[in-house]
Amino acid sequence: MSERPQAPHQMKIVLFQPEIPGNTGTIGRTCVGLDMELILIRPYGFELSEKSVRRAGLDYWKCVRLTEYDDWEAFIAARKPRADQLFLFENDRAQSAYEVEFPPDAYLVFGRETTGLSPEIIAAHEDRLVSLPMYSPHIRSLNLANIACAAAYQALRSHALA
């Protein structure tokens, strides 16, 4: 069996006030597979100890590099991300994730499943909003775990090893 390559990045996925434990577990599993840190910002709509988080993350949940913050301000104060590191995913934004160059230390930020990011966060980072395109008029949004996975792979495209 060949050795797996080292991750050519230090990207992180940030979930702002996630509400559905299965999505968080699935995103955690994606983070393990892509060697990304998972950052969760409270409050959550569930307990991290819930079986549904672990079930979605399978036996990989114990391998998630997890960091938690009490709120958005605590995250910003602790991490001090540069503006060019932040990519806030929202539906129907003018800038497509296909047009963005993601640095290897990007923070991919996703909001609540039902309401997205807060208006204050959006207003403060209007130039950092991106979306994944949806072409059908019959759909409002995709599942958060699917969007996070697709966005993570898209962000990694320019940093992947051959």
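Above this note sits the structure.
Bear in mind the structure is a predicted one, so any value in this text is a computation, not a measurement.

A. Focus on the overall build of the protein. When helices and strands are tallied, the protein shows 5 helices and 6 strands. When the elements of the protein are put in sequence order from the N terminus, they spell out β-α-β-α-β-α-β-β-α-β-α. Counting every position in the protein, which comprises 162 residues, the buried fraction comes to 46%. Restricting to contacts in the protein with at least 6 residues of sequence separation, those with at least 24 account for 77%. Just so you have it, the protein exposes about 9200 Å², and 51% of that area is on carbon and sulfur atoms.

B. Quick look at the packing of aromatic side chains. Counted by the stated rule, this structure contains 7 aromatic pairs. Between Tyr-44 and Phe-46 the ring centres are 5.8 Å apart and the planes differ by 20°, which places this aromatic pair in the stacked class. For Tyr-44, a relative accessible area of 17% translates into the label buried. Phe-46 sits in the buried class, given a relative accessible area of 6%. Centre to centre, the rings of Phe-87 and Phe-102 are 4.6 Å apart; their planes meet at 50°, and the pair counts as tilted. One end of the pair, Phe-87, is in strand S4 (residues 86-89); the other, Phe-102, is in the loop between S4 and strand S5 (107-110), with 15 residues separating them in the sequence. Residue classification places Phe-87 among the buried positions, given a relative accessible area of 3%. Relative accessible area serves as the criterion here: at 5%, Phe-102 is assigned to the buried category.

C. Local environment of unusual backbone geometry. Cis geometry marks the peptide bond from Arg-42 to Pro-43, where omega comes out at 0°. Inspection of the secondary structure puts Pro-43 in the loop between strand S2 (37-41) and helix H2 (51-57). One non-glycine residue, Gln-17, adopts positive backbone phi at about 50°. Residues other than glycine seldom take positive phi values, yet Asp-35 does so here, at roughly 55°. Tracing the backbone shows Asp-35 in the loop between helix H1 (21-34) and S2. A relative accessible area of 38% means that Asp-35 is categorised as partly exposed.

D. Looking closely at the sheet that holds S5. The strand order across the open sheet formed by 6 strands is S3-S2-S1-S5-S4-S6, and the pairing between neighbours is parallel. In this open sheet, the two edge strands, each paired with only one partner strand, are strand S3 (66-69) and strand S6 (129-130). Where strand S1 (residues 12-16) meets S2, 5 bridges bridge the pair, whose relative direction is parallel. Of the residues in S2, the one forming a bridge with Ile-13 is Leu-38. Lying over the sheet, H1 contacts S1 and S2, oriented at roughly 150° with respect to S2. Relative to S5, helix H5 (residues 144-156) is tilted by about 160°, and along the sheet it contacts S1, S4 and S5.

E. Region of the structure containing the packing of H1 against H5. For the pair H1 and H5, interaxial distance at closest approach is 8 Å and the crossing angle is 20°. As far as their axial angle goes, H5 and H1 are roughly parallel. Between H1 and H5 lies a crossing whose hand is right-handed. Residues Asn-23, Thr-26, Ile-27, Thr-30 and Leu-34 of H1 touch H5, and the partners they reach there are Leu-144, Ala-145, Ala-148, Cys-149, Ala-152, Tyr-153 and Leu-156. Considered class by class, the residues forming the contact of H1 with H5 number 9 nonpolar, 3 polar and no charged.

F. Expanded view of the nonpolar core. Formed by 33 residues in total, the largest nonpolar core has its most connected members in Ile-13, Leu-108 and Phe-110. When contributions to this core are tallied by element, the ones reaching two or more residues are S1, H1, S2, S4, S5 and H5. For this core, the element with the highest residue contribution is H5, accounting for 8 residues. With residues up to four places along the chain from it excluded, the contact list for Leu-108 reads Lys-12, Ile-13, Val-14, Met-36, Phe-87, Phe-89, Phe-102, Ala-151, Ala-152 and Ala-155.

Scoring rules and cut-offs
- Residue numbers run consecutively from 1 along every chain, following the written order of its sequence.
- pLDDT decides what is reported in this predicted model: residues at 70 or higher carry local features, side-chain atom pairs at 80 or more are listed and counted, and totals for whole chains, interfaces and linings draw on all residues regardless.
- Heavy atoms throughout the structure, all of them, feed into the side-chain values; hydrogens and water do not.
- Secondary structure elements are defined from DSSP: runs of H or I of at least 4 residues count as helices, runs of E of at least 2 residues count as strands, and each element is numbered from the N terminus.
- Any residue under 20% of the maximum accessible area for its type is buried, any over 50% is exposed, and the rest in between are partly exposed; the area is computed with a 1.4 Å probe on protein chains only.
- Any pair of residues with heavy atoms lying within 4.5 Å of one another is described as a contacting pair.
- In this description, accessible areas are obtained by the Shrake-Rupley approach with a 1.4 Å probe, and a residue is regarded as covered only by the protein chains that are shown.
- Stacked, edge-to-face and tilted labels apply to pairs of Phe, Tyr and Trp rings (six-membered ring for Trp) whose centres lie within 6.5 Å, assigned for plane angles under 30 degrees, over 60, and everything in between, in that order.
- Strands are treated as partners if at least two bridges between them are detected by DSSP.
- Between N-to-C directions, angles cover 0 to 180 degrees, with each direction set by a line fitted to C-alpha atoms, over the stretch in contact for helices.
- Oblique is the label for any angle not under 35 degrees, not over 145, and not in the 65 to 115 range, which are roughly parallel, roughly antiparallel and roughly perpendicular in turn.
- By definition, any crossing whose near helix is turned counterclockwise from its far helix by less than a right angle is left-handed, and any crossing with a clockwise turn is right-handed.
- Residue polarity follows a fixed list, in which Ala, Val, Leu, Ile, Met, Phe, Trp, Tyr, Cys and Pro are nonpolar, Asp, Glu, Lys and Arg are charged, and the others, Gly among them, are polar.
- Nine residue types can take part in a nonpolar core, namely buried Ala, Val, Leu, Ile, Met, Phe, Trp, Tyr and Cys, and a core is a set of them joined through side-chain atoms within 4.5 Å.

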